[in-house]
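Residues per chain, in single letters:
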Amino acid sequence: MNFLRGVMGGQSAGPQPSGAETVQKLCDRVASSTLLDDRRDAVRALKALSKKYRLEVGSQAMEHLVNVLQTDRADSEIIGYALDTLYNLISNDVEEEEPEENAQKPSFDELAGQFTEIYIKHQENLTLLLSLLEEFDFHVRWPAVKLLTALLKNQGPQVQQIILVSPMGVSRMMDLLADSREVIRNDGLLLLQQLTKANAAIQKIVAFENAFERLLDIITEEGMSDGGIVVEDCLLLLLNLMKNNSSNQNFFKEGSYIQRMKPWFEVAEDNTGWSAQKVTNLHLMLQLVRVLVSPVNPPGATSSCQKSAFQCGLLQQLCTILMATGVPADILTETINTVSEVIRGSQVNQDYFASVNAPSNPPRPAIVVLLMSMVNERQPFVLRCAVLYCFQCFLYKNQKGQAEIVATLLPATIDANSISAGQLLCGGLFSTDSLSNWCAAVALAHALQDNSIQKEQLLRVQLATSLGNPPVSLLQQCTNILSQGSKVQTRVGLLMLLSTWMTNCPIAVNHFLHNQTNVPFLTAQISENLGEEEQLVQGLCALLLGICIYYNENSLENYTKEKLKQLIEKRIGKEIFIENLAYISKHELYSRAGQKPQPSYSSPEQMLFDHEFTKLVKELEVLIIKAVQKSSEDEKKEEEVKKSLEQHDSIVNQYKELIREQDIQLNELKKQVTAMTGLNEQSQTTITQQASQIQQLRDQYNLLKIQGKPLDSQHHIHNEAAQFNGIQPKADVEEIGRLREEVEELKKQHDVLQGQLAEKDSVIDKLRNNQTAGNRDGDVSTGDAGEWTAELRKELETLRTRVQTQAEEIIQLQAKKQELENLPATVAEAAGDNDGASALTKITQLESRLSALDAENHKLKGQVKVLSEERSSLDQQLASTNSTVAILQTDKSKLQQEVVESKKEQDDLLVLLADQDQKIFGLKNKLKELGEPVEDEDDLESADQEDDDDDED
């Protein structure tokens, strides 16, 4: 302990050791002592020396302090001392006064940066520090939070990358917000502020760790805008999380957190005595709203947040602050800017803003009250800029609002008893204050932006300049003020207004050119050699003259396009004209205005360009230069090219329509194909099922045939069983009789077909004889060939009719077969399983025969189809015989071939009919086997013999 007393400044004999020596001894004590108390005392001593001897402690003791954090984790006191010592080395806090010998040492910031690099050089050191955040002990957790915050301040990007790859690193920091000890929670907010700076990945992780919910709860607990510094820290952290991070903005909106912002902006009727902290808090809250609806965000995200702001009443609350009294000027300015971006481009919000009235007597629209401030030179400059921005946002993509503003200038709508927005704009446009002139000109230009209808309407505005003088148009009054040589800011504003007005409005161009003094004034301004301040005015005059050329309809003979270009070439020079025109986009203030829509200038003199006007200059500059450099021949060629392109476009459109129609037809055909494919699949499924059923019936038939008795005995047993049960097999007998009749009809049809075949043979013989005679004589008349063909056609028609009749008969047989299919079930129920099987056997046999007949029918239909095709071929051949004998000989040879093929087909038909006879004969035999009488004598005799045998039995 005597050693420690010497270190801490106690009295001792002998010379005092230097600071470096003392630090060295303490470091040796930390490294070599085996007792925890000794090490703890040594670390406490290093903490006491770390501010005064920062360099010595940092260079010698840092490694030992890290070892203490690793090895003495169980002792919270020594861990706290080590963390405090490291914090003293790394932080940028004001240090104690150092001795004179340390005056040449590195500065505090340099030392902090160097020690931070040494500490984070080994990633495990930062991982160890993150693990200490889990300790609940106040003496460990709080110093760890402060040390981590200092590391992030000194080497933010490097520390962020290490934390990003550390498991649960961000989650441990988020747990600090739930700590019941306010000092740790508040320092945790500061830590998260440093952690989330300029790192989108960490911002997303923190947001998804439920940061929005926790921060909004803290803001509510602390009193919202009336809260203290903690509310400010929460708002700063929210701004870090959402600024330039569309993912977090969308997450904030989707989580319905915008609705929770509405209570922040509830102000009392008495708004006097606002504290500085409340002003700061409300300013940050307004900035947070602006982050959500900023014009630089993706359009879809901005419009969605604007919609939510209106639906939850946030916009209404902001308008209440806007019209309240006693609100501090900076808060009022920021509120105007916030309302501007909430309504920008949103038709619903713009309509609501147009309906807001100020609490005055009589009530006045909020727009009118704001414009009063804009044209009042006694109002603060930032407030006037905010009002101009609000008016621009109100008219942005709002043709309805533009029409309402222009209508207040028209004679039919002017009310002498009230002040309108148009009157205020005209008053500001022609006042003696150059800033009011510029603001009014820009505001009026926004009422005409991309709205050709209102540009034409504004030409009707007439102004009474003085008593006794006739009124002049607004356009003429603007040019009159330009010619009077007013301030540069005023002339720039008027030139921007005129350029916006006449762009894409040939009628306004004609009105401007109709005044004989306007073009000479512009050429004089452009050609004069003026100072640098006037060069911008010259460029804008060149732009206005270029607009008169590009949008000129050549309705005025003295100022056609060609004459204006000649005027430029003779009095100004094309090079000088283009140089002045290009000066606009090279101006420093032009670049600044083009960065963002909100006008932000440090002084009124810098307000020369409007954001929307910069976009207009980019579009017009190239067009005007091309228009000035083109000759009349080039313009004619260009017009011809345009016409040809228009024709080409019309043709392309026609083809597009044709392709569109074909696409529709193709889609319909695809649908039909899909439907037919489905029907085909269903049919195939049905056929497969029927084939399976037929196979099952065949298997049952074969099984019954193997297991059953002879047909005669089965029939006898069946009759006995039926009689025993009191049921007569009448249905079976009737159906068999019907079947016999159908067989007879088939026989008759067979005889008819044979007769037809005989007639066919005679025709074929006749054709052969004629062919032979033709070969002998060497000449055949076309009339004879026509008669032969007509006879052949008639015979083919007759044959096809007969075959169709036979097909209908076979269809009827199929219907009878379907009735017989239901017979086995009825018989089986009445006579038992064995008798049902017998009936099933008979019906199965009949079904097989009918199936064969069906197949034959299909074959006959195929033959008819072939004959029909042959008939068509013969018709074509006969038509060609009317030309020449050579063609007739060719037709004869083809006819011979057709006759041979017909003969062959007749032979095939005879074979088919023979097969049919054989099948009919088989059916008769089956009827005989079933014991049914037949008309043939042999059949009758055999039937009588069978009856006698049955009686004997």
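Residues numbered from 1 in each chain as written. Predicted model: local features only at pLDDT ≥ 70, side-chain atom pairs only at ≥ 80, totals over all residues. Heavy atoms only, no water.

1. Some details on the overall build of the protein chain
Our working rule: To qualify as a helix, a DSSP run of H or I must reach at least 4 residues; to qualify as a strand, a run of E must reach at least 2; elements of each kind are numbered from the N terminus. Remark: exposure states derive from per-residue accessible area (1.4 Å probe, protein chains only) relative to the maximum for the residue type, with buried under 20%, exposed over 50%, and partly exposed in between.
From N to C terminus, the protein chain includes 43 helices and 4 strands. In the protein chain, which comprises 953 residues, the proportion classed as buried is 46%.

2. A short note on the pattern of salt bridges
Selection criterion: What makes a salt bridge here is a side-chain nitrogen of Lys or Arg within 4 Å of a carboxyl oxygen of Asp or Glu, nothing more.
All told, the structure shown has 26 salt bridges when counted by the stated rule. A salt bridge links arginine 39 to aspartate 72; its shortest N-O distance comes to 3.0 Å. Placement of the pair is arginine 39 in helix α3 (residues 36-49) and aspartate 72 in the loop between α4 (54-71) and α5 (76-90), with a sequence separation of 33 residues. In this structure, arginine 39 and aspartate 72 share a single accessibility class: buried. Taking the shortest distance from any N to any O, the salt bridge between lysine 47 and aspartate 84 comes out at 3.3 Å. Of this pair, lysine 47 sits in helix α3 while aspartate 84 sits in helix α5, and the two are 37 residues apart along the sequence. One salt-bridge network, in which partners are shared between bridges, spans Asp37, Arg40, Asp41, Arg44, Asp75 and Glu77.

3. Considering unusual backbone geometry
Phi is positive for methionine 168, which is not a glycine, with a value near 65 degrees. Within the secondary structure layout, methionine 168 lies in the loop between α9 (156-165) and α10 (169-174). We classify methionine 168 as exposed; its relative accessible area is 54%. With a phi close to 60 degrees, asparagine 554 is a non-glycine residue in the positive phi region. Looking at where asparagine 554 falls in the secondary structure, it is placed in the loop between α31 (532-550) and α32 (561-572).

4. Here we look at the environment of isoleucine 219
Note the cut-off: Note on contacts: a residue pair is in contact if any heavy atoms of the two residues lie within 4.5 Å.
Relative to the elements of secondary structure, isoleucine 219 occurs in helix α13 (residues 211-221). Taking the C-alpha atoms as reference points, isoleucine 219 and glutamate 232, separated by 13 residues in sequence, lie 8.7 Å from one another. Not counting residues up to four positions away in its chain, the partners in contact with isoleucine 219 are Met224, Val231, Cys234, Leu235, Leu238, Trp264 and Met285.

5. Describing the packing of aromatic side chains
Basically, it comes down to this: Two rings from Phe, Tyr or Trp (for Trp, the six-membered ring) form a pair when their centres sit within 6.5 Å of each other. Planes less than 30 degrees apart are called stacked, planes more than 60 degrees apart edge-to-face, and all others tilted.
Evaluated as defined, the whole model comprises 10 aromatic pairs. Geometrically, the ring pair formed by phenylalanine 138 and tryptophan 142 is stacked, given 5.3 Å between the ring centres and 25 degrees between the ring planes. Of this pair, phenylalanine 138 and tryptophan 142 are both found in helix α8 (residues 138-154), 4 residues apart, which corresponds to roughly one turn of the helix. With a relative accessible area of 27%, phenylalanine 138 lands in the partly exposed category. Judged by centre distance (5.1 Å) and plane angle (90 degrees), the rings of phenylalanine 212 and phenylalanine 252 are edge-to-face. Residue phenylalanine 212 is found in helix α13, and its partner phenylalanine 252 is found in helix α15 (residues 246-254); the two are separated by 40 residues along the sequence. The residues phenylalanine 212 and phenylalanine 252 share a single accessibility class, namely buried. Each residue in the set Phe208, Phe212, Phe251, Phe252 and Tyr257 is aromatic and connected to the rest through ring pairs, giving one cluster.

6. As for the packing of helix α2 (residues 19-32) against α4
Just so we agree on the cut-off: Simply put, an axis is a line fit to the C-alpha atoms, just over the touching stretch for a helix, and the angle between two N-to-C directions goes from 0 to 180 degrees. If an angle is under 35 degrees, it is roughly parallel; if it is over 145, roughly antiparallel; if it lies from 65 to 115, roughly perpendicular; otherwise it is oblique.
Running from amino to carboxyl end, α2 crosses α4 at an angle of 10 degrees, the nearest separation of the two axes being 9 Å. Of the possible angle classes, the one that applies to α2 and α4 is roughly parallel. The segment α2 lies against α4, with Ala20, Val23, Gln24, Cys27, Val30 and Ala31 engaging Glu56, Val57, Gln60, Ala61, His64 and Val68.

7. Focus: the confidence of the model for the protein chain
A low pLDDT score tells you not to read the predicted coordinates there in detail. To be explicit about the condition: In predicted models, pLDDT denotes the confidence assigned by the predictor to each residue on a 0 to 100 scale.
In this model, the protein chain carries an average pLDDT of 81, and 74% of its residues clear a pLDDT of 70 or more. Low confidence marks residues 937-943, where pLDDT is under 50. Its contacts with residues over four positions away, or in another chain, come to 4 contacts.

8. Overview of the environment of leucine 536
Locating leucine 536 in the fold gives a position in helix α31. With 49 residues separating them along the chain, leucine 536 and serine 585 place their C-alpha atoms 9.8 Å apart. With near-sequence residues (within four places) excluded, leucine 536 lies in contact with Val492, Tyr583, Ile584, His587, Leu608 and Phe609.

9. Structural notes on helix α12 (residues 200-208)
This is how the line gets drawn: It is the directions from the helix axis to the C-beta atoms whose arc is reported. Counting of polar contacts relies on pairs of N or O atoms within 3.5 Å, with two restrictions inside protein: one atom must be capable of donating a hydrogen and the other of accepting it, and residues adjacent in sequence are counted only when both atoms are side-chain atoms.
By the burial criterion, the buried members of α12 are Ile202, Gln203, Val206 and Ala207. Projection of α12 onto a plane perpendicular to its axis shows the buried side chains occupying an angular sector of 135 degrees, all on one side. The residue sitting at the N-terminus of α12 and contributing the capping side-chain oxygen is asparagine 199; that oxygen lies 3.3 Å from the backbone nitrogen of alanine 201. Note on α12: the residue one or two positions beyond its end, asparagine 210, has a positive phi of about 70 degrees.

10. Considering the packing of helix α21 (residues 366-374) against helix α24 (residues 421-429)
When two helices pack together, you describe them by how their axes are tilted relative to each other and by the distance separating the axes. Using the following cut-off: In this count, Pro and Cys sit with the nonpolar residues alongside Ala, Val, Leu, Ile, Met, Phe, Trp and Tyr, while Asp, Glu, Lys and Arg are called charged and the others, Gly among them, polar.
Where α21 contacts α24, the two axes come as close as 9 Å, and the packing angle between them is 10 degrees. Considering the angle they form, α21 stands roughly parallel to α24. On α24, the residues that touch Val368, Leu371, Met372 and Met374 of α21 are Ala421, Leu424 and Leu425. Considered class by class, the residues forming the contact of α21 with α24 number 7 nonpolar, no polar and no charged.

11. Considering the environment of threonine 85
Relative to the elements of secondary structure, threonine 85 occurs in helix α5. For threonine 85, a relative accessible area of 0% puts it in the buried group. When the C-alpha positions of threonine 85 and proline 143 are compared, they lie 9.4 Å apart, and in sequence the two are 58 residues distant. Excluding residues within four positions of it along the chain, threonine 85 makes contact with Val43, Leu46, Lys47, Ser50, Val57 and Leu65.

12. A few points about helix α7 (residues 123-132)
Burial of α7 is extensive: 7 of the 10 residues sit out of reach of the surface. Considered for burial, the residues of α7 that qualify are Asn125, Leu126, Leu128, Leu129, Leu130, Ser131 and Leu132. Looking at the buried side of α7, the elements it contacts are α4, α5, α6 (108-120), α8, α9 and α10.

13. A few points about the state of the cysteines
Operational definition: For this text, the term disulfide refers to a pair of cysteine sulfurs within 2.5 Å.
Inspection of every chain in the model, using the stated rule, returns 0 disulfides. With no disulfide partner, cysteine 385 has as its closest neighbouring cysteine sulfur the one in cysteine 439, 6.3 Å distant. You can call cysteine 385 buried: its relative accessible area is 7%.

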